[in-house]
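Report on the structure
Next come the chains, spelled out residue by residue.
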Amino acid sequence: MAIAITQKELAERIDSAYGLLEQCRICPRECGVNRQQDDRLGFCSSGLNAKVASVSPHFGEEPPLTGTKGSGTVFFANCSLRCLYCQNYPISQLGNGVERTPGELACQMIWLQEQGCHNLNLVTPTHFMPQILKALFVAREREFRLPVVWNSSGYESQESLRLLEGIVDIYLPDMRYSDDRYAMKYSLASKYAEVNRAAVKEMYRQVGDLVVDEDGIALHGLIVRHLVLPEDLSGTEDVMGFLSRRVSKKVHVSLMAQYFPSYRAAEHPELARKVTAKEFGEAHRIMERYGLENGWVQEHDG
Ligand code: SF4
């Protein structure tokens, strides 16, 4: 069931969310720039309006999200992380996209619903949280009712996440690193592990374990993505240990083998290759050893 709160409650959340834009603390970077005034000098280079790179039904997500009709993705431009191996860097770091008002964004949400998509999949939404809430408000006036997927880096503030309670149905965060030194070196993110783990716990508190309907389509719950990096730079053992002990052994984990060197990865020899079958197999064994049996393991292609 999409969006559990009333329109009145949603309007109050929107006010609170836009308040965070004034001296921006939408994400843990707390840049303090005035995005209400369209100041774009914050880390994510984003201003007052959301910037959208693409809108389309997508068939490459986890099976309960893709289903038979696709996941309705809105891919936002810019990012609050700066991963130097990002496969989508023209969008995330060069900012390729078109600015959209909340009204225009609402029309795109409605269009995805009209295409028959199973859900609204907000990709890299963190830095545009207020604008997304406003668009959802407008869309709901026009009978928008899809489950909302928050598909993020997992680098989120507690204050912003609490504003999403009762609005987001399915959280789809990354858990990228266990070691803050790597998070800083490769994604320019400080205190990533602590912030990310607190975010995942809050997400789980809000939506719990994944629940699907009779056709296997996701209704609500948490799915954690873990991209295995070469040389165990993503710290798989610590991530799985945390999920198993501090979240739930029933949590759905999507273990990803798709890393390939992109953008500036070649500048770092340890990142300048794909993950080997041995490395990925070890990550899979760790996941099993911690009793995490729910989820998906990507095929390793070599
Ligand atoms: S959303 Fe952007 S401007 Fe705001 S704190 Fe995060 S990085 Fe800075």
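Higher on the page you've got the structure.
**A few points about helix α10 (residues 277-289)**
The terminal C-alpha atoms of α10, which comprises 13 residues, lie 18 Å apart, in line with the 18 Å expected from a rise of 1.5 Å per residue. Taken residue by residue, α10 has F280, G281, A283, I286 and M287 as its buried positions. Its buried side turned inward, α10 meets α9 (236-247), β9 (252-256) and β10 (295-297). At the C-terminal side of α10, G291 shows a positive phi close to 75°.

**What to know about the environment of F260**
You can see F260 is positioned in the loop between β9 and α10. Between the C-alpha atom of F260 and that of R273, which follows or precedes it by 13 residues, the distance is 6.4 Å. Here F260 is in contact with Y85, Q87 and K274, once residues within four sequence places are set aside.

**Some words on the pairing of strand β6 (residues 170-173)**
Side chains I170 and L172 of β6 all project onto a buried face; the interleaved residues Y171 and P173 project onto the opposite face, where all are buried too. In this fold, the crossover linking strand β5 (residues 148-152) to β6 by way of helix α6 (residues 158-163) has right-handed handedness.

**Concerning a positive patch on the surface**
A contiguous patch of positive charge, built from K201, R245, R246 and K249, is present on the exposed surface. Considering the arrangement of structural elements, one finds R246 in helix α9. The exposure class of R246 is exposed, given its relative accessible area of 56%.

Rules behind the numbers
The residue numbering used here restarts from 1 in each chain and proceeds along that chain's sequence as written. With pLDDT at 70 or above as the cut-off, local features in this predicted model cover only qualifying residues; side-chain atom pairs require 80 or more to be listed or tallied, and sums for whole chains, interfaces and linings still use all residues. Heavy atoms throughout the structure, all of them, feed into the side-chain values; hydrogens and water do not. Strands are runs of DSSP state E lasting at least 2 residues, helices are runs of H or I lasting at least 4, and numbering of each runs from the N terminus. An expected span of 1.5 Å times one less than the residue number is assigned to each helix. Residue exposure (1.4 Å probe, protein chains only): buried if accessible area is under 20% of the type maximum, exposed if over 50%, otherwise partly exposed. Only heavy atoms matter for contacts: two residues are in contact if any of them lie within 4.5 Å across the pair. Throughout, right-handed denotes a crossover for which the path from the first strand over the helix to the second runs clockwise when the strands point away from the viewer. By definition, no residue in a patch forms a salt bridge, and every one has over 30% relative accessible area; like charges are joined within 9 Å, nonpolar side chains (Val, Leu, Ile, Met, Phe, Trp, Tyr) within 5 Å. Computed with the Shrake-Rupley method and a 1.4 Å probe, the accessible areas treat only the protein chains shown as cover for residues. Whenever a carboxyl oxygen of Asp or Glu lies within 4 Å of a side-chain nitrogen of Lys or Arg, that contact is scored as a salt bridge. In this tally Asp and Glu are treated as negative and Lys and Arg as positive; neither His nor the chain ends contributes. Think of each charge as sitting on NZ of Lys, CZ of Arg, CG of Asp or CD of Glu.

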